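Reading the structure
Read off the chains here:
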Amino acid sequence: MTEETSNANSQKLHFERVISAISTRKGVTISSNGETISILIDSDRGSSEIFMGGSSDTYALQKQHFADLRDILTSLGIKEGASYTSPPLPKRGMTPMIQKSRAEQRQEFQAWQNVWRRIRAAEKNLDLEFELKQMMDYY
């Protein structure tokens, strides 16, 4: 396997991890037409749609897609590195339904933080691959 193929496979792997992590979230609809992927995110604060190319896009396009995705998440109130703060305890105690609801909220919050980690890992991998390619071209 050549270095170029290895880089493409690595980028594809990280890109697919981001897409799979975001596709399992509530309110997210993903559709693909072969060349581009449409991600529609509906939340309490509104909805946003982003079109992303595949992992075969150039470095600059991939970086821009990830930056746009980060901007959309932030605009929808899904902040990177945030800490989960549960609502105050009710005065009458917590019923099993309340406990279940809070557990689901916490899971959803943690899942969105996982999406953020995947995006950052994909960007870091993209940067490393680009730097390696630049060094190989230089030497």
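Just above, that's the structure.
Here we summarise the structure given alongside this text. (Residues numbered from 1 in each chain as written. Predicted model: local features only at pLDDT ≥ 70, side-chain atom pairs only at ≥ 80, totals over all residues. Heavy atoms only, no water.)

Observations concerning the environment of Leu89
Positionally, Leu89 belongs in the loop between α2 (59–75) and α3 (96–138). Residues Leu89 and Arg117, spaced 28 residues apart in sequence, show a C-alpha to C-alpha distance of 30 Å. Discounting chain neighbours no more than four positions away, the residues touching Leu89 are Met94 and Arg102. (Helix = DSSP H or I, 4+ residues; strand = E, 2+ residues; numbered from the N terminus. Contact = heavy atoms within 4.5 Å.)

Digging into the layout of surface pockets
Considered as a void within the structure, the largest pocket measures approximately 650 Å³ in volume. For the largest pocket, the lining is made up of 19 residues, of which Asp44, Gly77, Ile78, Glu108 and Trp112 are closest to its centre. Mapped by element, the contributors of at least two residues to the lining of the largest pocket are β2 (36–43) and α3. Among the elements that take part in the lining of the largest pocket, α3 stands out by supplying 6 residues, more than any other. When the residues that make up the lining of the largest pocket are grouped by side-chain class, the tally is 7 nonpolar, 5 polar and 7 charged. (1 Å grid on protein atoms, 1.4 Å probe; cavity = no way out; pocket = protein on both sides within 12 Å on 5 of 7 lines; lining within 4 Å. Points joined across faces, edges and corners; volume = space filled by probe spheres on them. Nonpolar A, V, L, I, M, F, W, Y, C, P; charged D, E, K, R; others polar.)

Points about the environment of Met52
As for its position among the elements, Met52 is in strand β3 (residues 46–53). The buried category is assigned to Met52, whose relative accessible area is 0%. Spatially, the C-alpha atom of Met52 lies 33 Å from that of Arg102, the residues being 50 residues apart in sequence. The contact partners of Met52, leaving out residues within four places of it in the chain, are Phe15, Ile19, Glu35, Thr36, Ile37, Ile39, His65, Phe66 and Leu69. (Buried < 20%, exposed > 50% of the residue type's maximum accessible area, 1.4 Å probe, protein only.)

Details of the side chain of Gln113
Summarising the element assignment, Gln113 is placed in helix α3. Judged by relative accessible area, Gln113 falls into the buried class, the value being 6%. A distance of 2.7 Å separates a polar atom in the side chain of Gln113 from the backbone oxygen of Lys79. If we ignore the near neighbours within four places in the chain, the residues touching Gln113 are Lys79, Glu80, Gly81 and Ala82. (Polar contact = N/O pair within 3.5 Å; in protein donor to acceptor, adjacent residues only side chain to side chain.)

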